[in-house]
Amino acid sequence: MSANTELDLHSALAWPFFEPRHRELAAGIEAWCREKLKHEDHKDVDATCRHLVRELGAAGWLKYGVGGVAYGGHGDTIDTRAVCLLRETLAKHSGLADFALAMQGLGSGAISLGGTHEQKTRYLPRVANGTALAAFALSEPEAGSDVAAMALSAREDGDAYVLDGDKTWISNGGIADFYVVFARTGEAPGARGISAFIVDADTPGLEIAERIDVIAPHPLARLHFAGARVPRSQMLGVPGEGFKLAMRTLDIFRTSVAAASLGFARHAMAEGISRAASRKMFGQTLGDFQLTQAKLAQMALTIDSSALLVYRAAWLRDQGESVTREAAMAKWHASEGAQQVIDAAVQLHGGMGVQSGTAVEMLYREIRALRIYEGATEVQQLIIGRDLLKAHAAATAGDNAK
Ligand SMILES: Cc1cc2nc3c(=O)[nH]c(=O)nc-3n(C[C@H](O)[C@H](O)[C@H](O)COP(=O)(O)OP(=O)(O)OC[C@H]3O[C@@H](n4cnc5c(N)ncnc54)[C@H](O)[C@@H]3O)c2cc1C
């Protein structure tokens, strides 16, 4: 990869969102990626993912996505800025390495946020050191964007809950050691009748019904639950509060999806600049044309505005603020923006841009799903719009009470 990406991230690190430890972390993960991700083999994604999780754990990078020093985490809470810097850098080098790190955090986030001491002790240290793989099972065939429509049921039976139904599009499905599963317990209709459970992969009644292939391959599956008995002690938080726990988890990891988008975009930008500076045509180079300069300028603007939104959301969350609106803005802008930046880089490469195996072709496939998962762009727009109206209603009520 060219030096351009280094310069950009380096200058962003001077922003007031960061502390000296973040600059050290960014330098450390960059060096690690250069050393460890050189010979990555994507032929067997399951084996590569397992290997990457072990390596990331051994190097200490997974600790930042786990809350609680006593449970193997780096700090008392999940360090959002650190997770974002890690994801941005990993994504710049390898989509699969970014995926491996992201899933450990997303898959265990609800345990960090809402687990008991026993649950945290049992799962989090292994997530942090890379010896147990985590997964987050929220989506269903008939409940994707409309999460509250989920049907997978959890029926109380003595000291256990019995789970029946399907979850689909589950990342790490098939290789995870445990799944955080959201299920309908029925305390109230819709979102208020959902609870969360930690389900070990070897639980009788849980099976991998189907492996799913996608354009940027990573482990993905449909899970089928047929009378899977899960001890009551595996419930996360209180009955009926699972939806809130899922949303709190997404508030953290949505910002990190935006950070990964930024990493992909930075890589595409570097490839685009190199190509523009070297490709000879019409007696000069591609970069000499003003049309090309305008394209590069647009790419740079999109990247900087995404970075500002990502690290504003991450910084705010690390200050303990609610970041629902800011995380949604970051995810929307950075994922859609990265798609545009990558598309422009493909265009700058001409035919090479669509040749299988070139960096920009791989980035083109890699970015697409990020505009869909953890809330599609349209869902982020709704979150922002509703939040604005809610803030207006609260302000109006305040004025009326005066
Ligand atoms: C690669 C990949 C990995 C994933 N990993 C996981 C995982 O680990 N765990 C998990 O639980 N899920 C995971 N998912 C599922 C993902 O979260 C869902 O695909 C996503 O929420 C969209 O749901 P859906 O696919 O059912 O699409 P639908 O809900 O059917 O939505 C289709 C489209 O409708 C549009 N749309 C949605 N809402 C509105 C609206 N209100 N107004 C107008 N348009 C709208 C959007 O453009 C959306 O893309 C993953 C998905 C992918 C592709």
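Located above this text is the structure these notes cover.
Nothing here was measured: the structure is a model prediction, and the numbers come from that model.

Caption draft 1: Representation of unusual backbone geometry. Its identity as a non-glycine residue notwithstanding, Trp169 has a phi of 60°, on the positive side. Relative to the elements of secondary structure, Trp169 occurs in strand S3 (residues 160–171). Residue Glu374 is not a glycine yet carries a positive backbone phi of 55°. Relative to the helices and strands, Glu374 is located in the loop between helix H10 (359–368) and helix H11 (377–401).

Caption draft 2: Structural detail: empty space enclosed by the protein. Per the counting criterion, the structure on display carries one cavity of 30 Å³ or more. As for the largest cavity, its lining consists of Trp61, Leu62, Tyr64, Gly65, Val83, Leu86, Leu101, Ala102, Gln104, Gly105 and Phe253. Every element with two or more residues in the lining of the largest cavity is listed here: helix H4 (80–93) and helix H5 (95–114). Sorting elements by how many residues they give to the lining of the largest cavity places H5 first, with four residues. Its residues assigned to classes, the lining of the largest cavity shows eight nonpolar, three polar and no charged.

Caption draft 3: Main features of the site of the ligand. Among the 19 residues in the neighbourhood of the ligand, the closest are listed as Phe136, Ser139, Ser145, Trp169 and Glu378. Contacts to the ligand include Ser145, whose side-chain N or O atom sits 2.7 Å from an oxygen atom. Its free accessible area being 980 Å², the ligand has 66% of it covered by the protein chains. Broken down by secondary-structure element, the contributors of at least two residues to the shell around the ligand are strand S1 (134–137), S3 and H11.

Caption draft 4: Highlighting helix H6 (residues 117–129). Between the first and last C-alpha of H6 there are 18 Å, a value that for 13 residues agrees with the 18 Å anticipated at 1.5 Å per step. When the local axis directions of H6 are compared, the greatest deviation, roughly 30°, occurs at Tyr123, which is followed within four positions by the proline Pro125. Taken as a whole, H6 has its buried residues at Gln119, Lys120, Tyr123, Leu124, Val127 and Ala128. Each element contacted by the buried residues of H6 is listed here: helix H3 (45–58), H5, S1, strand S4 (178–184), strand S5 (194–200) and strand S8 (235–236). Backbone geometry just downstream of H6 places Gly130 in the positive-phi region, at approximately 80°.

Caption draft 5: Molecular detail of H3. Between the first and last C-alpha of H3 there are 20 Å, a value that for 14 residues agrees with the 20 Å anticipated at 1.5 Å per step. Taken as a whole, H3 has its buried residues at Val45, Asp46, Thr48, Cys49, Leu52, Val53, Leu56 and Gly57. The buried residues of H3 all sit within an arc of 160° when viewed along its axis, so they share a single face. The secondary structure elements touched by the buried residues of H3 are helix H2 (20–36), H4, H5, H6 and strand S6 (206–211).

Calculation notes
- Residues numbered from 1 in each chain as written.
- Predicted model: local features only at pLDDT ≥ 70, side-chain atom pairs only at ≥ 80, totals over all residues.
- Heavy atoms only, no water.
- Helix = DSSP H or I, 4+ residues; strand = E, 2+ residues; numbered from the N terminus.
- 1 Å grid on protein atoms, 1.4 Å probe; cavity = no way out; pocket = protein on both sides within 12 Å on 5 of 7 lines; lining within 4 Å.
- Points joined across faces, edges and corners; volume = space filled by probe spheres on them.
- Nonpolar A, V, L, I, M, F, W, Y, C, P; charged D, E, K, R; others polar.
- Near = heavy atom within 4 Å.
- Polar contact = N/O pair within 3.5 Å; in protein donor to acceptor, adjacent residues only side chain to side chain.
- Areas by Shrake-Rupley, 256 points an atom, 1.4 Å probe, with all protein chains shown as cover.
- Expected span 1.5 Å × (residues − 1).
- Bend = angle between axes of the 7 residues up to and from the residue.
- Buried < 20%, exposed > 50% of the residue type's maximum accessible area, 1.4 Å probe, protein only.
- Contact = heavy atoms within 4.5 Å.
- Arc of directions from axis to C-beta.

Don't take any of this as a statement about function, it's just geometry.
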